[in-house]
Amino acid sequence: MTKLKIYEYPHPVLKQKSERVAKIDDELRKFLDDMLETMYIADGVGLAAPQVGVSKRIVVIDVSAAEEEGAEKSPIFLVNPEIVWHSDEKGCQFEGCLSVPEQRAEVERYLQVRVHYQDYDGKEQEILADGLLAIALQHEIDHLDGILYIDRISRLKRQMLLKKLQKLRQEEEE
Ligand code: NI
C-alpha cells in the first residue's frame, strides 16, 4: 500500500466539486486501500478523495477507534455516496480535518442521516447513521462538493482559526 500526500487548505483541489465514479475495478480498489492506509497513518476518522488530490466521489471512514479505545478496525468504503434522508434535528460537535491540521471548531450537523453508496465491490448499499458516524459522513460528503467544515462556521471563528493555522505553519518553518 502507498501512503498518499494529503493536500491542505487552501489548495484549490479542496474547493472543487468531485465527479462520480463510473466503474469500480481493481485499480479503484487499490486507491481505496491507499486512502484507508493514509487515513490510519494520519490518525483520521475519515478521508475524502479530494484531500489526496483526486476529484472523485470517494470517501473512507472508520470511527471505531474514536468511539472506543483499542476497538477493532471497522472501515467503510463509500463510492458515490449521497445523503438520501436526514433528521430534522441538528446538533453541534467539535470537528477537525486532516486538511486543516491541528484545528477544531464546533459545527452544526444533522443528528441522523441515511446515505446511499456503492461499496468496495461495487454493490449498492445504504447506511442509517447517528453519532460520530453521522457527523463523519456529512463532513466527508461535504468534501466531495468542495466544502470544508470551516465553511460552515461563522466568519469570525473562521478568521480566528485560519490565523492560528497560519501561526502554526510559521512556527513549523522556523
Ligand atoms: Ni475533512
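Residues numbered from 1 in each chain as written. Predicted model: local features only at pLDDT ≥ 70, side-chain atom pairs only at ≥ 80, totals over all residues. Heavy atoms only, no water.

Undergrad: So what exactly am I meant to see when it comes to the nonpolar core here?
TA: Generally speaking, a soluble globular protein has its nonpolar side chains buried in company with each other. With 17 residues, the main nonpolar core has I61, L78, V115, I127, L133 and L137 as its most contacted residues. Elements supplying a minimum of two residues to this core: β2 (58–61), β3 (76–86), β6 (112–118), β7 (124–130) and α3 (131–144). At six residues, α3 tops the list of elements feeding residues into this core. What I61 contacts, discounting residues up to four positions off in sequence, is M39, V45, G46, S74, P75, I76, L78, L133, A136, L137 and E140. Listed in part, the 15 residues of the second largest apolar core include I24, L32, V52 and I58. (Core = buried A, V, L, I, M, F, W, Y, C linked by side-chain atoms within 4.5 Å. Buried < 20%, exposed > 50% of the residue type's maximum accessible area, 1.4 Å probe, protein only. Helix = DSSP H or I, 4+ residues; strand = E, 2+ residues; numbered from the N terminus. Contact = heavy atoms within 4.5 Å.)

Undergrad: So what exactly am I meant to see when it comes to the pattern of salt bridges here?
TA: A side chain of one charge can pair with a side chain of the opposite charge if their charged atoms are brought near each other. Summed over the entire model, instances satisfying the criterion amount to eleven salt bridges. A single salt-bridge network, built from bridges that share partners, covers E95, R109, D142 and R152. (Salt bridge = Lys/Arg side-chain N within 4 Å of Asp/Glu carboxyl O.)

Undergrad: Could you clarify how one ought to interpret the pairing of β7 in this entry?
TA: Looking down a regular strand, the side chains alternate between one sheet face and the other. Bridge analysis of β6 against β7 gives seven bridges, and the strand direction is antiparallel. Within β7, the position partnered with Q118 by the bridge is E124. Between β6 and β7, which pair antiparallel and follow one another directly, the connecting turn spans five residues, one of which, G122, has a positive phi of 85°. (Pairing = 2+ DSSP bridges.)

Undergrad: In this structure, what is going on with the coordination of the nickel ion? I would like to understand it.
TA: A metal bound by six donors in octahedral fashion has ideal angles of 90 or 180 degrees, whereas one bound by four tetrahedral donors has an ideal angle of 109.5 degrees. Of the protein atoms, only C97 (SG), H139 (NE2) and H143 (NE2) coordinate the nickel ion, at distances of 2.1 to 2.3 Å. Ordering the donors of the nickel ion by residue number gives the pattern C-x41-H-x3-H. Taken together, the residues C97 in strand β4 (residues 90–97) and H139 in helix α3 connect sequence positions 42 residues apart. Considered together, C97 and H139 belong to a single accessibility category, that of buried residues. (Donors = N, O, S within 2.8 Å, 3.2 Å for Na, K, Ca; no water.)

That is the geometry; function is a separate question.
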